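Coordinate analysis (summary)
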Amino acid sequence: MILDYIHFYKKLISKVPFKFPFKIFVFLIFVIFSSRLAMGEELFDGLPALNVSSDGNQTQYSLPLQILILMSALTILPSLVLGMTSFTRIIIVMSILRQALGTQQTPPNQVLIAISLFLTFFIMAPTFNKVYDEAAVPYMNSEISAKKAVNTAGEQLKNFMVKNTRKTDLIMFSDLAGDQAKYDEPKDIPFRIALPAFLTSELKTAFQIGFLLFLPFLVIDMVISSILMSLGMMMLSPMLISLPFKLLLFVLVDGWAMTVGSLVSTFSAG
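Residues numbered from 1 in each chain as written. Predicted model: local features only at pLDDT ≥ 70, side-chain atom pairs only at ≥ 80, totals over all residues. Heavy atoms only, no water.

Here we come to the overall build of the chain. Across its full length, the chain carries 12 helices and 2 strands. Along the chain, helices (α) and strands (β) appear in the sequence α-α-α-β-β-α-α-α-α-α-α-α-α-α when read from the amino end. Within the chain, buried positions represent 31% of all 270 residues. Pairs at least 24 residues apart make up 62% of the contacts formed inside the chain by residues separated by at least 6 positions. If you sum the accessible surface of the chain, you get close to 18,000 Å²; carbon and sulfur atoms cover 70% of it. (Helix = DSSP H or I, 4+ residues; strand = E, 2+ residues; numbered from the N terminus. Buried < 20%, exposed > 50% of the residue type's maximum accessible area, 1.4 Å probe, protein only. Contact = heavy atoms within 4.5 Å. Areas by Shrake-Rupley, 256 points an atom, 1.4 Å probe, with all protein chains shown as cover.)

Written out as structure tokens, the structure reads:
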């Protein structure tokens, strides 16, 4: 039977003008669909990295395959941090505050990201503690399955997102999804509605806070510009003169503490 496949392969190759790419394509198709042949069985059985064994109700994966799954999960970790926590609102407010101060790249991006991450861990601590106690610890003690642990952790994160999402955004995405059901509890809201609604609500809230932060610094810029115009100093940049006054005002009112405290208080704990 294998010889028949080889003769058919040679006849097919001889009739094709672009032989090299076509040879590779036909060879791959031949390997994929020859799992019943000895050649195909040797190829697939010779890849221990892809071995999956089932023992009753448990499925065991080989160590290389486990590492591959773990690395794939780590690639989506930044998206989870950005989309399912308070990080989005904090980093946007911090960036707008830096622009309002007019300090260009001070504080640098690394500092803003570090502040946002630590504030995110502080705000999300109650939710993370529940995830650890109700999902991670029982799973490590082999009390629950991995699927149930993931579902439990997801419910806790979804509960946090729903508490910090506007009802109008939830209704909008529910209508866009064609879901007319009424949700009595956060656990009834599917992730495909809760996550985009949370992100949209976070963006709106972040820009509202940024607008309020911008106002006092905008007033200082306008006052300095008016003074310079009245003195005839039209060639002098108002931003250069107003920067020390904005920094002085921000330090005198303890601006960082006020900004951080206001940001933390805008979130509802999970």
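With that out of the way, let us pick up helix α7 (residues 109–140). For an α-helix the count is 3.6 residues per turn, leaving residues at separations of three or four pointing the same way. When the terminal C-alpha atoms of α7 are compared, their 37 Å separation across 32 residues is substantially less than the 46 Å that a helix rising 1.5 Å per residue should span. For α7, the principal kink sits at A125 and spans about 60 degrees; a proline, P126, occurs within the next four residues. Along α7, the positions that sit buried rather than exposed are L112, S116, L119, T120, I123, M124, T127, V131, A135 and P138. Among the structural elements, α5 (77–84), α6 (87–101), α8 (146–163) and α12 (255–265) are those in contact with the buried residues of α7. Among the residues trailing α7, S142 stands out with phi positive, at a value near 60 degrees. (Expected span 1.5 Å × (residues − 1). Bend = angle between axes of the 7 residues up to and from the residue.)

This brings us to the nonpolar core. Core analysis: the biggest nonpolar cluster contains 26 residues, and I90, V93, M94, L97, F160, F217 and L263 have the highest contact counts within it. For this core, the element with the most residues is α6, which contributes 10 residues. Sequence-distant contacts of V93, defined by excluding residues within four places in its chain, comprise A206, I209, L213, T259 and L263. Ranked by size, the runner-up nonpolar core spans 7 residues in total, among them L170, I189, A194 and A197. (Core = buried A, V, L, I, M, F, W, Y, C linked by side-chain atoms within 4.5 Å.)

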